[in-house]
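The primary structure of each chain is shown beneath.
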Amino acid sequence: MYKVHFENRFILISQEPDRLQKYGLFHKFNQTSELYKLISDFQTEKSISSINIYGHNITHIWKIFRIYFTEVYAAGGLVKHLTGKYLFIEKRGMLDLPKGHIEEGEEAEACAIREVSEECGITGHSIIKSLEPSYHTYSWEGISYLKKTHWFMMQYNGPMDIEPQTHEGITKVEWLWPDEISRIKKCAWLSLIDLINKAIMNKT
């Protein structure tokens, strides 16, 4: 399955209809033109909260879906301190994780380490494992983008002194306990909630 976020709405692409949650619309893939009209309508019609697009050849559907967009890539980290707290940022009033665009010739792992350092002001953190990537869309100057973000679980045992990268619009950096995170999910993007549920809360 592939889940693509449109701010706090989403499209799920699956092989069979997903009956585990409610959707605003179910759509069986037939033709590329139909799919592209559906995406375009979903971008402009904000009243539909979610769509489940399904079809037998999910690899083909995903390929066709991606062609609609200009693809860009980013990487970021979920940092756990030895105390058990996790590192979060606040950007544009929303809870988020440090991340950024992968530069030309840069590996995703190196980008994630760099972005955490730049956005939070820590050094000495290291990657433990890869997490599931996330996908979200946005539009800029009439172009629709699909961003794939590579996520990594990281460990950090150093001082908990942190400094937000304010010129990037980051207003706060903070260490949070898992139970604190669950209470402030209303201030987080849906894509981040999915990541938190899987990586921290052990929910699928």
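Reference entry: report on the structure contained in this document. Predicted model, so just to flag it, every value in this text is computed and none were measured.

This next bit is on the overall build of the chain. Helix and strand content of the chain: 5 helices and 11 strands. In terms of overall size, the chain behaves like a compact globule, its C-alpha atoms giving a radius of gyration of 18 Å where 204 residues would be expected to give roughly 17 Å. Considered along the principal axes of its C-alpha atoms, the chain spans approximately 55 × 35 × 30 Å. Per element, the accessible surface of the chain, about 11200 Å² overall, is 50% carbon and sulfur. The chain carries 24 positive and 26 negative side-chain charges, and their two centres are separated by 8 Å.

Moving on, we come to helix H2 (residues 58-67). Those residues of H2 that sit buried are Ile-58, Ile-61, Trp-62, Ile-64 and Phe-65. For H2, the arc enclosing every buried residue in end-on projection is 165 degrees, short of the 170-degree limit, so these residues lie on one face. Residues of H2 that are exposed and point more than 90 degrees away from the buried face comprise Thr-59, Lys-63 and Ile-67.

Bridging between strand S3 (residues 25-28) and strand S4 (residues 50-54) involves 4 bridges; their strand directions are parallel. Residue pairing in the sheet places Phe-26 in a bridge with Asn-52 of S4. For the crossover from S3 across helix H1 (residues 32-44) to S4, the handedness is right-handed.

Right, let's get into the side chain of Arg-114. With respect to the element layout, Arg-114 can be found in helix H3 (residues 108-120). Arg-114 gets classed as buried once you look at its relative accessible area, which sits at 18%. At a separation of 3.0 Å, a polar atom in the side chain of Arg-114 contacts the side chain of Glu-115. Apart from the residues lying within four places of it in its own chain, the contact partners of Arg-114 are His-101, Glu-103 and Glu-106.

What follows is about the nonpolar core. Counting 19 residues, the largest nonpolar core has Ile-11, Ile-13, Ile-53 and Phe-65 as the members making the most contacts within it. Within the residue set of this core, elements represented by two or more residues are strand S1 (2-6), strand S2 (9-14), H1, S4 and H2. Ranked by residue count, the leading element in this core is H2, at 5 residues. Here Ile-11 is in contact with Tyr-2, Lys-3, Val-4, Phe-6, Phe-42, Ile-51, Ile-53 and Phe-65, once residues within four sequence places are set aside. Listed in part, the 17 residues of the second largest apolar core include Leu-97, Met-153, Ile-181 and Ile-200.

The next thing to look at is the environment of Leu-12. By the secondary structure assignment, Leu-12 is in strand S2. We classify Leu-12 as buried; its relative accessible area is 5%. Setting aside residues no more than four positions away along its own chain, Leu-12 makes contact with Met-1, Tyr-2, Lys-3, Asp-18, Tyr-23, Ile-51, Asn-52 and Ile-53.

Bringing the environment of Gly-55 into the picture now. Within the secondary structure layout, Gly-55 lies in the loop between S4 and H2. Gly-55 gets classed as buried once you look at its relative accessible area, which sits at 7%. Sequence separation of Gly-55 and Lys-3 is 52 residues, and the distance between their C-alpha atoms is 14 Å. Gly-55 has contacts with Ser-14, Gln-15 and Ile-61, leaving out every residue within four places of it along the chain.

This next bit is on the pairing of strand S9 (residues 126-140). Looking at chain direction, S1 and S9 are connected through 2 bridges and run parallel. Among the inter-strand pairings, His-5 is bridged to a residue of S9, identified as His-136. Two elements, S9 and strand S10 (residues 143-156), share 12 bridges in a ladder whose sense is antiparallel. Bridged to Tyr-138 within S10 is Tyr-145. Taking the residues between adjacent antiparallel strands as the criterion, S9 and S10 are bridged by 2 residues, where Glu-141 takes a positive phi near 55 degrees.

Across all of its chains, the model carries 11 aromatic pairs by this definition. Each ring, one from Phe-6 and one from Phe-42, has its centre 5.0 Å from the other, and the planes form 85 degrees; the classification is edge-to-face. Of the two residues, Phe-6 is situated in strand S1 and Phe-42 in helix H1; the sequence distance between them amounts to 36 residues. In this structure Phe-6 comes out as buried when scored by relative accessible area, which is 6%. A centroid spacing of 5.0 Å and a plane angle of 70 degrees characterise the contact between Tyr-68 and Phe-69, whose relative ring orientation is edge-to-face. Take Phe-69: its relative accessible area is 7%, and that puts it in the buried class. An aromatic cluster is defined as three or more aromatic residues linked by ring pairs; in this entry it consists of Tyr-2, Tyr-36, Trp-62, Phe-65, Tyr-68, Phe-69 and Tyr-135. In this structure, Lys-3 is placed above the aromatic ring of Phe-10, and the distance from its NZ or CZ to the ring centre is 4.3 Å. Between Arg-9 and the ring centre of Phe-42, over which it is positioned, the NZ or CZ distance is 4.1 Å.

Thresholds, definitions, all that
- Residues numbered from 1 in each chain as written.
- Predicted model: local features only at pLDDT ≥ 70, side-chain atom pairs only at ≥ 80, totals over all residues.
- Heavy atoms only, no water.
- Helix = DSSP H or I, 4+ residues; strand = E, 2+ residues; numbered from the N terminus.
- Rg over C-alpha atoms; globule rule 2.2 N^0.38 Å.
- Areas by Shrake-Rupley, 256 points an atom, 1.4 Å probe, with all protein chains shown as cover.
- Lys, Arg positive; Asp, Glu negative; His and termini not counted.
- Charge placed at Lys NZ, Arg CZ, Asp CG, Glu CD.
- Buried < 20%, exposed > 50% of the residue type's maximum accessible area, 1.4 Å probe, protein only.
- Arc of directions from axis to C-beta.
- Pairing = 2+ DSSP bridges.
- Right-handed = clockwise from strand over helix to strand, strands pointing away.
- Polar contact = N/O pair within 3.5 Å; in protein donor to acceptor, adjacent residues only side chain to side chain.
- Contact = heavy atoms within 4.5 Å.
- Core = buried A, V, L, I, M, F, W, Y, C linked by side-chain atoms within 4.5 Å.
- Phe/Tyr/Trp six-rings, centres within 6.5 Å; stacked < 30°, edge-to-face > 60°.
- Lys NZ or Arg CZ within 6 Å of the ring centre and 35° of its normal.

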